4 protein chains.
Amino acid sequence: MTIPERLTVAHVHELRVRFCETDQMGVAHHGSYVPWIEEARTEWMRAKGRTYRSMEESGLSLAVTRLGVRYLVSARYDDLIRIETRLVSIRMASLDFEYELHRVEDESGGSDRCVLVAQANTRLALIGQDGRPRRLPEDLFERVDVAGPVSGMELREDTA
Amino acid sequence: MTIPERLTVAHVHELRVRFCETDQMGVAHHGSYVPWIEEARTEWMRAKGRTYRSMEESGLSLAVTRLGVRYLVSARYDDLIRIETRLVSIRMASLDFEYELHRVEDESGGSDRCVLVAQANTRLALIGQDGRPRRLPEDLFERVDVAGPVSGMELREDTA
Amino acid sequence: MTIPERLTVAHVHELRVRFCETDQMGVAHHGSYVPWIEEARTEWMRAKGRTYRSMEESGLSLAVTRLGVRYLVSARYDDLIRIETRLVSIRMASLDFEYELHRVEDESGGSDRCVLVAQANTRLALIGQDGRPRRLPEDLFERVDVAGPVSGMELREDTA
Amino acid sequence: MTIPERLTVAHVHELRVRFCETDQMGVAHHGSYVPWIEEARTEWMRAKGRTYRSMEESGLSLAVTRLGVRYLVSARYDDLIRIETRLVSIRMASLDFEYELHRVEDESGGSDRCVLVAQANTRLALIGQDGRPRRLPEDLFERVDVAGPVSGMELREDTA
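Okay, so let's go over this structure. This structure is a prediction, so every number in the text was calculated from the model and none was measured. Counting restarts for each chain: residues are numbered from 1 in the order of the written sequence. Whichever chain is written first becomes A and whichever ligand is written first becomes 1, with later ones labelled in order. Since the coordinates come from a predicted model, pLDDT governs what is reported: local features require at least 70, and pairs of side-chain atoms require 80 or more to be given and counted, while whole-chain, interface and lining totals use all residues. In computing side-chain values, all of the structure's heavy atoms are included and hydrogens and water are not.

Looking at the environment of T8(B)
Residue and element names in this part refer to chain B. What counts, and what does not: Secondary structure elements follow DSSP: runs of H or I of four or more residues count as helices, runs of E of two or more count as strands, with numbering from the N terminus. The buried label goes to any residue with under 20% of its type's maximum accessible area, the exposed label to any with over 50%, and the partly exposed label to all in between, with areas taken from a 1.4 Å probe on protein chains only. Polar contacts here mean pairs of N or O atoms no more than 3.5 Å apart (in protein, one a potential hydrogen donor and the other a potential acceptor; neighbouring residues in sequence count only if both atoms are side-chain atoms).
Mapped onto the fold, T8 is located in helix α1 (residues 5-8). For T8, a relative accessible area of 24% puts it in the partly exposed group. Separated by 79 residues in the primary sequence, T8 and L87 have C-alpha atoms spaced 5.4 Å apart. Looking at T8, its side chain comes within polar contact range of the main-chain oxygen of E5, at 2.9 Å.

Structural data, given as structure tokens:
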């Protein structure tokens, strides 16, 4: 299935490493990254016009069936993490996302230097309330929830 | 409501501190204790004859409405934590539990020396599938799930 | 110890309920609130002029020794939670904080209606790198980290 | 590096799905599996003769640099999960592990039927206290901590 261009544009979400997300090595625990990319995906969907909340309320869920993470550099407590989320592939009954996680080095300055800390990917299968796979509807990400222009930042592929 | 004596006897459950449950102070994060006492309560119920799983499947839930924890001594990664769970009060629509969390100092030895690391209490309200409070049924903890004698350890009050 | 007026003014922090923070009852798990109030406290400190990160880097930690939470109304996935954090007492070697957690009902509208979902309190003890209690220094929350005016919202007591 | 036969034998660890590990889909959240396989690896090391705790105390850490999970079947609250952990490769400065997670269907019966719920793999790099990679010492998993025979179950490859 070809992906509408509107959906392939990377979405950017930022969050801070919580204290409880560190471990005794003094860095963010590798398991903490999983909720981060899930939060980033929630914001990707909000920006693309349909909240995941409304999707679940309509009886459809996206279940993670594959997860991959490469950890490159440690993230630390209170670091500002910038996550770029991209939809990279749409299949019959599943979606593939890729994520790049950066640490924002200079929060106040204009330079906005970033360090890539991790890369991740997930496959999500659409399932109904019976827990069985569903074919992706054509209009899954039509802008049903959000009337006006959304506030989320979007990156152009060529500048990302 | 008077509590059947069978229910007031403390139940003992043991678990190990997970690596992901530590934080950068090098000790178990204070938030980690909440899942521990929840796990201990799950085992209390199993030992008393009704699994919480079967209760949820029958449409009844126990929602935590109050939580209190006092942290006395740090727990560390891989520590063996022994939790004593007691039902201390039954009210119209809620149950009060108390917990004592000990660190087992000498795991292999017969001496079995323990250090009290935390005390906790919770109030749980019975709610139905509509999310509204329910009156506690008389037979809530009749031994419906478990046919024979259970394997959980039980402490006599006087030796606890 | 009397508390400088600057410190008693409530600080407001907002966050969204993560999907992973829900449980099979369909609401935010009661344990999820603990990281939320910790995150709120991190932002309270940033707003008051000293990041907790810099405090830890200087060898001082604030260890939670008491935690209390009253759960009033359920919070759900994707709810916007507004947390008001107040320093209510300073003792020789510890600080007491209180928190009010509200669910923002109408995110877009100007009305900004909120529902109180939970109240919480924590006691934090100052400890050194040896894990032993330390007396609170007079200048603990002097504005050492933040040069200019901070971006955090602050509530006046009388309007809170 | 060839792996001593003693280390390649799969180790089996069991745990129960915690209530807090479920999400509003009614199943174990995909992020919950990460702590499970970490706990399984801790027990693998204990069974092989060196606790990870003692390794960290000696200044060496194993940092996860790659994580992969395939989710096949849902796990639910209170399910008994059996994890088989295998060391599959030793490199200059890292170790590769593979995991199979099964749900034990009939806990009491002798039949012991299992359903494969997920497969996972991790790469772990040895790092020193400076956070830099270290070459794996020859005797990394010599039985330094555990004097006598260990209590962990071990599976023969051909029966696994």
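Examining the relation of the copies chain A and chain D
Heads up, the rule is: When the copies are superposed, the least-squares fit takes in the C-alpha atoms of residues with a pLDDT of at least 70 in both. We call two residues in contact whenever any of their non-hydrogen atoms come within 4.5 Å of each other.
The operation relating chain A to chain D is a screw motion whose rotation component is 180°, with 0.0 Å of axial translation and a residual RMSD of 0.0 Å. Seen this way, the second copy is the image of the first under a two-fold rotation axis. Using C-alpha coordinates, one finds that chain A approaches the rotation axis most closely at G68(A), a distance of 2.2 Å. Interface overlap between copies is the fraction of interface residues in one copy that are interface residues in the other; for chain A against chain D it reaches 100%, indicating a shared surface.

Focus on the packing of aromatic side chains
Residue and element names in this part refer to chain D. Basically, it comes down to this: Ring pairs are drawn from Phe, Tyr and Trp, using the six-membered ring of Trp, whenever the two centres fall within 6.5 Å, and their geometry is named by plane angle: stacked under 30 degrees, edge-to-face over 60, tilted for the rest.
Using the criterion set out here, one finds 28 aromatic pairs over all chains in the structure. Between F19 and Y77, the ring centres sit 5.1 Å apart and the planes meet at 85°, which makes this aromatic pair edge-to-face. Linking F19 in the loop between β1 (11-16) and α2 (33-48) with Y77 in the loop between β2 (61-71) and β3 (80-90), this pair joins segments that are 58 residues apart in sequence. Across this residue pair, the class does not change: F19 and Y77 are buried. On the basis of an interplanar angle of 85° and a centroid distance of 4.9 Å, the ring pair of Y33 and Y71 is categorised as edge-to-face. Within this pair, whereas Y33 is found in helix α2, its partner Y71 is found in strand β2, the two being separated by 38 residues in sequence. Taken as a pair, Y33 and Y71 share a single burial class, namely buried.

With respect to the relation of the copies chain B and chain C
Least-squares fitting of chain B to chain C yields an RMSD of 0.0 Å, with the transformation described by 0.0 Å of translation along the axis and a rotation of 180°. Of the residues that chain B buries at the interface, 95% are likewise interface residues in chain C, meaning the two copies contact each other through the same surface.

Notes on the interface of chain B and chain C
Quick note on the threshold: Each of two parts loses accessible area, computed with a 1.4 Å probe, when they are put together; buried area is these two losses added. The term salt bridge refers to a pairing of a side-chain nitrogen on Lys or Arg with a carboxyl oxygen on Asp or Glu at a separation within 4 Å.
Listed as interface residues are 22 residues of chain B and, on the opposing side, 21 residues of chain C. Both sides together, the interface formed by chain B and chain C hides about 1800 Å², and carbon and sulfur atoms give 57% of it. It is M25(B), H30(B) and L67(B) that lose the most area in chain B upon contact with chain C, and together they represent 30% of the buried surface on that side. Summed over the shared surface of chain B and chain C, the number is zero salt bridges. Elements represented by at least two residues in the side of chain B that touches chain C include exactly α2 (33-48), α3 (52-57) and β2 (61-71) of chain B. A total of 11 residues in the side of chain B that touches chain C trace back to one element, the largest contributor, which is β2(B).

Digging into the interface of chain A and chain D
Listed as interface residues are 21 residues of chain A and, on the opposing side, 21 residues of chain D. In this assembly, chain A packs against chain D so that about 1800 Å² is buried in total across both faces, 57% of it on carbon and sulfur atoms. The largest share of the area that chain A buries against chain D comes from M25(A), H30(A) and L67(A), three residues that together contribute 30% of it. Linking chain A to chain D there are zero salt bridges. Linking chain A with chain D are eight residue pairs in polar contact (both at pLDDT 80 or more). If you list the elements that add at least two residues to the side of chain A that touches chain D, you get α2 (33-48), α3 (52-57) and β2 (61-71) of chain A. Of the residues forming the side of chain A that touches chain D, the biggest block, 11 residues, is contributed by β2(A).

No statement about biological role is implied by the geometric values presented.
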